[in-house]
Amino acid sequence: MHINPTQEKKWRQLQQRLSNTWLFWGLFPLGVVIVLMLALAGPAASANTSGATQQEHLVIKRRAEAVMAISAILFFAGFSLDGRWTDDERVGRRILRAAGGDQFRPTRDQLASHAEKAFYAVNRSVTMLTGIGLAMALLVVAAVVIGLPLLNAGQLLVLAVIFQVFAFSRHSYYSDLVYAAISGELCDLDEDNEK
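Everything quoted here is computed from the prediction, not taken from an experiment.

What counts as what
- Residues numbered from 1 in each chain as written.
- Predicted model: local features only at pLDDT ≥ 70, side-chain atom pairs only at ≥ 80, totals over all residues.
- Heavy atoms only, no water.
- Phe/Tyr/Trp six-rings, centres within 6.5 Å; stacked < 30°, edge-to-face > 60°.
- Helix = DSSP H or I, 4+ residues; strand = E, 2+ residues; numbered from the N terminus.
- Buried < 20%, exposed > 50% of the residue type's maximum accessible area, 1.4 Å probe, protein only.
- Lys NZ or Arg CZ within 6 Å of the ring centre and 35° of its normal.
- Expected span 1.5 Å × (residues − 1).
- Salt bridge = Lys/Arg side-chain N within 4 Å of Asp/Glu carboxyl O.

(A) Main features of the packing of aromatic side chains. In this structure the tally under the stated criterion is 7 aromatic pairs. Plain terms: the ring middles of Trp11 and Tyr179 are 4.9 Å apart, the flat faces sit at 55° to each other, and that makes the pair tilted. Of the two residues, Trp11 sits in helix 1 (residues 5–46) while Tyr179 sits in helix 7 (residues 171–182), which places them 168 residues apart along the sequence. Judged by centre distance (5.3 Å) and plane angle (50°), the ring pair of Phe79 and Phe166 falls under tilted. On the criterion of sequence distance, the pair formed by Phe79 in helix 2 (residues 54–85) and Phe166 in helix 6 (residues 150–169) is long-range, its members being 87 residues apart. Exposure remark for Phe166: the relative accessible area of 12% places this residue in the buried category. Members of the aromatic cluster, joined through ring pairs, are Phe75, Phe79, Phe163 and Phe166. Positioned above the aromatic ring of Trp85, the side-chain terminus of Arg124 is 4.0 Å from the ring centre.

Quick look at the structure:
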């Protein structure tokens, strides 16, 4: 299938944007967070916490659980929304409807002319994942600021790193999704259009 050169250029720009966004808004903030976490936790780590009462330990434990729960909810929300927004069948159905698939059977060129739906889905998902990744990184700093031990902040940091690995793992899927859309092959033309 011949691909529109304009759309191919947009596809290549999207691939570059994915890498740049992940590096500058995903990994770089995590590096800054590690430095901030260690700088802020340094004085707290040297303080003597053995004199803390059982009530204070309970408060710290509940704060740690609350912050970890917030971070886990963010992770789950990002994972779920990304899967929903960039599901190839959903995006394919949107493209099929936009190309007039409700009234007639569109050609691959007609489907490819509506590939912006796939670009939009990927861009929206990347923006959302980037925002969630930044929020998770900020939770690490917030954990140290509210007096949680370095161990708890480290657990939050590990979760934020795993989220960034998840975000990076989606790049090849996004690229394949958009390429299938610009080549007009995202929709299975043999399927019932009512799906």
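(B) Highlighting helix 7. Look at helix 7: 17 Å from first C-alpha to last across 12 residues, which is about the 16 Å you get at 1.5 Å a residue. Residues His171, Tyr174, Ser175, Leu177, Val178, Ala180, Ala181 and Ile182 constitute the buried set of helix 7. Positive phi appears at Gly184, one or two residues downstream of helix 7, with a value of about 75°.

(C) Quick look at the pattern of salt bridges. With the rule as written, the count across this model stands at 2 salt bridges. Put simply, Glu8 and Arg12 hold a salt bridge, and the shortest N to O gap is 3.2 Å. Separated by 4 residues within a single helix, Glu8 and Arg12 lie in helix 1, roughly one turn from each other. What makes Arg12 partly exposed here is its relative accessible area of 46%. With a closest N to O distance of 2.5 Å, Asp82 and Arg170 form a salt bridge. Remark: Arg170 occurs in the loop between helix 6 and helix 7 and Asp82 occurs in helix 2; sequence separation between them is 88 residues.

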